Amino acid sequence: MSSRIAIDRPLKVGLNLLFLGERAGGAGRYATELPGALLAAEPDTEVHVFVARDAPAQLRGESWAEGVHWVTLPMRAAGSPPELLAQFSVLPAMALWRRLDVLHSPANTGPTLTPGVASVISLLDLIWLHRGAEWEPSLRVQRNTRRLIRHCVRHADRVFAISHDAAEDLARTLGLSAERIDVTPLGVSLPTGPMTAERKLREHLDLGNARVLLCVAQKRPYKNLHRIVQALGELEEDVILVLPGSRTSYEAELRALAGQLGLAGRVRFPDWLSEEDLDGLYSLSSAFVLPSLLEGFGLPILEAMARELPVACSNVAALPEVAGDAALLFDPERPDEIAAAVRRLLADRSLAAELIARGRERVRHYAWRNTGLASLAGYRRAIAGRGLTRRAAI
């Protein structure tokens, strides 16, 4: 039977979401949206979702939840090495027993020795390699991560990158053939749920009547947040910087820096926020800034555009690709450039309005359904490359 017949039919796809916990960041957003993206692209796709026992409870409340097959494994999302090894042995067997066509692990690692089933790995970025010490201080964890991810990439049938810039980095740094890489950009959804009232948030975060400059990013050094703190000193005194996210040792450095610069009263460090609180914070903010030194995609800038905030971001890595002409770009190493870009967003409301309008176009371009279409095309290339046939037709 020809491989074309095999890959023209609806697919049976397994998604390895065992990593997905309560605070999974951008990878978590990708994993949460991917099942629905696949079904939106091709409704006849049979999606099997593998989750850990402590997967977020709200996952089963997603709009796509009733349209997939759920498989809960008795391991934790942030599992121990034995649990990770179990994942690598149990998932392939379950995928074969369920007669899946492809097993996709969308967060850098996953089983790739999958007899009878094509394997796909999404390699979101190379931060763990380029800035390993900032990503994880433990040298042992860094070494093990490098070995594991290189193993996964070497044995996967296809590797997905989430931007063209990331794909080029994978080929250049890891020596991957461009023929093995599919670019499957992420998407963004318009906010539809309830949001926390502005008055409540301003009171909770002690914002008063200040203009809010928002940055949503993990508190790690490669996010370059200290440069925004430095830039804040060049902005008007009624501007407050809000940096939400889980606490880290880098946050302590940021707090100390703000104190040294006399800006402690103008920076807020809320811990992890609920979706309702975060949407409310987007709504009350005047501008969004992302000064990262390295990003595989940069989803927060699209999320800001979807909430009609004017955006300024770094001119490096994947950020210019994702932002297009809908954001002001700056050199992330120069606080004066960051301050100048933010000042323009705050002072020039016609410019802000124009960027907001362009942002709406970027949001339409990056629909999750497009992620689903690109992913399904990559799955079919993985299957065809393995020479798999349509089991149901045999």
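Preceding this section is the structure that the text describes.
Residues numbered from 1 in each chain as written. Predicted model: local features only at pLDDT ≥ 70, side-chain atom pairs only at ≥ 80, totals over all residues. Heavy atoms only, no water.

## Some thoughts on the packing of helix H12 (residues 299–306) against helix H15 (residues 349–365)
Consideration 1: Two elements in contact, H12 and H15, have axes separated by 8 Å at closest approach and are oriented at 120 degrees. Relative to H15, the element H12 is oriented oblique. Viewed along their axes, H12 and H15 form a crossing whose handedness is left-handed. Facing Leu 302, Met 305 and Ala 306 of H12, the residues of H15 in contact are Gly 359, Arg 362 and Val 363.
Consideration 2: By residue class, the composition of the contact of H12 with H15 is four nonpolar, one polar and one charged. (Axes fitted to C-alpha atoms, helices over the stretch in contact; angles between N-to-C directions. Helix = DSSP H or I, 4+ residues; strand = E, 2+ residues; numbered from the N terminus. Parallel < 35°, antiparallel > 145°, perpendicular 65-115°, else oblique. Left-handed = near helix turned anticlockwise from the far one by under 90°. Contact = heavy atoms within 4.5 Å. Nonpolar A, V, L, I, M, F, W, Y, C, P; charged D, E, K, R; others polar.)

## A short note on the environment of Arg 360
Consideration 1: Its location among the elements puts Arg 360 in helix H15.
Consideration 2: Along the primary structure Arg 360 and Met 305 are separated by 55 residues, whereas in three dimensions their C-alpha atoms are 6.4 Å apart.
Consideration 3: A distance of 2.7 Å separates the side chain of Arg 360 from the side chain of Glu 308, its partner in a polar contact. (Polar contact = N/O pair within 3.5 Å; in protein donor to acceptor, adjacent residues only side chain to side chain.)

## Quick word on the sheet that holds strand E12 (residues 311–314)
Consideration 1: As summarised here, the arrangement of the six strands in space is E10-E9-E8-E11-E12-E13, forming an open sheet in which the pairing is parallel. In this open sheet, the two edge strands, each paired with only one partner strand, are strand E10 (267–268) and strand E13 (328–330).
Consideration 2: Sheet topology places E12 next to E13; three bridges connect them, and they run parallel. Residue pairing in the sheet places Ser 314 in a bridge with Phe 330 of E13.
Consideration 3: Along the sheet face, helix H14 (residues 335–347) touches strand E8 (211–214), strand E9 (239–242), strand E11 (287–290), E12 and E13 and points at about 165 degrees away from the line of E13. (Pairing = 2+ DSSP bridges.)

## Considering the environment of His 48
Consideration 1: Of note, His 48 is situated in strand E2 (residues 46–52).
Consideration 2: A C-alpha to C-alpha distance of 9.2 Å links His 48 and Leu 103, two positions 55 residues apart in sequence.
Consideration 3: There is a polar contact of 3.1 Å between the side chain of His 48 and the side chain of Arg 98.

## Examining the sheet that holds strand E1 (residues 12–17)
Consideration 1: The sheet built from seven strands is open, its strands ordered E3-E2-E1-E4-E5-E6-E7 with parallel pairing. Looking at which strands have only one partner, the edges of the open sheet turn out to be strand E3 (69–73) and strand E7 (181–183). Across the sheet, the mean angle from the axis of one strand to that of its neighbour is 25 degrees, orientation sign disregarded.
Consideration 2: In terms of strand pairing, strand E6 (residues 158–161) meets E7 through three bridges, oriented parallel. Counted as the bridge partner of Ala 161 is Val 183 from E7.
Consideration 3: Sheet contacts for helix H2 (residues 25–41): E1, E2, strand E4 (102–105), strand E5 (118–122) and E6; angle to E1, the most-contacted strand, approximately 170 degrees.
Consideration 4: With respect to the sheet, helix H7 (residues 164–174) is in contact with E6 and E7, its orientation differing from that of E7 by roughly 165 degrees.

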